[in-house]
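Examining the three-dimensional arrangement
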Amino acid sequence: SGTLSSMAERCVAVYRVRYCGLWLQLYVLREGERYRLLAGGPPNRNPQEVEELQVHGWEIPYLLKTFYRVHDGFGPLDNASSFWYEDAILPSAALSSLTRYMHSTEEVLFRPSDCLLFYPDGGGSGYCFQRATKADRQPQVVFWSCRTHELSEAPSFLGLLKEITTPQQGN
């Protein structure tokens, strides 16, 4: 079944909590004998590109902008230090191009300014939207390795969302 229906079937409770001045929605999901918390940021009807993105001519991709209308930031709440910094969709204010993570003198086979990091993996790498041109309104999702500074194939945005909401292996 679909991502939302699968999540709804396992959701045993939904709470609204105030954290750092923001209202978050917490989803308690049953995963076998255990429970898992997912946190969604407040809706953002009009996410604004931060200055860094404007400098590089980025517009937030359509699917991500649409998702922000429901949750501006979304992911597991395994512990306080992992809150939206690993295996999670970043809030719009935390989006950045790969120019932030790479030296301008590095030789790579892509333009770092054409990659928008939106889903870090907690180890320094993460998933990015990679545009073909500045006019590209449907950029593909790629995985960026911080160790090799190479890009590789990745699931679609909706595929990543499904990974976040799918029960974890070994629980």
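Quick caveat: nothing in here was measured; it's all calculated off a predicted structure.

Here we take up the environment of Glu153. Its place among the elements puts Glu153 in strand E9 (residues 151-153). Sequence spacing of Glu153 and Gln140 is 13 residues, and the spatial spacing of their C-alpha atoms is 9.2 Å.

Another aspect to go through is helix H4 (residues 157-165). What H4 keeps buried is the set Phe157, Leu160, Leu161, Ile164 and Thr165. For H4, the arc enclosing every buried residue in end-on projection is 135°, short of the 170-degree limit, so these residues lie on one face.

Each strand in a sheet pairs with another by means of backbone hydrogen bonds, the pair being arranged parallel or else antiparallel. Strand order in the open sheet made by the five strands is E5-E6-E7-E8-E9, with antiparallel pairing throughout. This sheet does not close on itself; its edge strands, each paired only once, are strand E5 (96-97) and E9. Both E5 and strand E6 (residues 115-120) contribute to a ladder of two bridges, which runs antiparallel. Bridged to Ser97 within E6 is Leu116.

Moving on, we get to the nonpolar core. If you look at the biggest cluster of nonpolar residues, it comprises 24 residues, and the most contacted ones within it are Leu64, Phe74, Ile89, Leu95, Phe118, Phe129 and Phe157. Those elements that provide at least two residues to this core are strand E2 (22-31), helix H3 (62-68), E6, strand E7 (126-130), strand E8 (140-144) and H4. Among the elements that make up this core, the one with the highest residue count is H4 (four residues). Residues Leu98, Cys115, Leu117 and Val142 belong to the second largest nonpolar core, which totals eight residues.

As a further point, take the packing of aromatic side chains. For the structure on display, the rule yields 10 aromatic pairs. A ring pair is formed by Phe118 and Tyr119, whose centres lie 6.3 Å apart and whose planes are at 65°; its orientation type is edge-to-face. On the basis of relative accessibility, which here comes to 0%, the residue Phe118 falls in the buried class.

Turning our attention to the pairing of E6. A large share of E6 lies buried, amounting to six of its six residues. As consecutive antiparallel partners, E6 and E7 are separated by five residues, and within that stretch Gly122 has a phi angle of approximately 90°, a positive value.

Thresholds, definitions, all that
Residues numbered from 1 in each chain as written. Predicted model: local features only at pLDDT ≥ 70, side-chain atom pairs only at ≥ 80, totals over all residues. Heavy atoms only, no water. Helix = DSSP H or I, 4+ residues; strand = E, 2+ residues; numbered from the N terminus. Buried < 20%, exposed > 50% of the residue type's maximum accessible area, 1.4 Å probe, protein only. Arc of directions from axis to C-beta. Pairing = 2+ DSSP bridges. Core = buried A, V, L, I, M, F, W, Y, C linked by side-chain atoms within 4.5 Å. Phe/Tyr/Trp six-rings, centres within 6.5 Å; stacked < 30°, edge-to-face > 60°.

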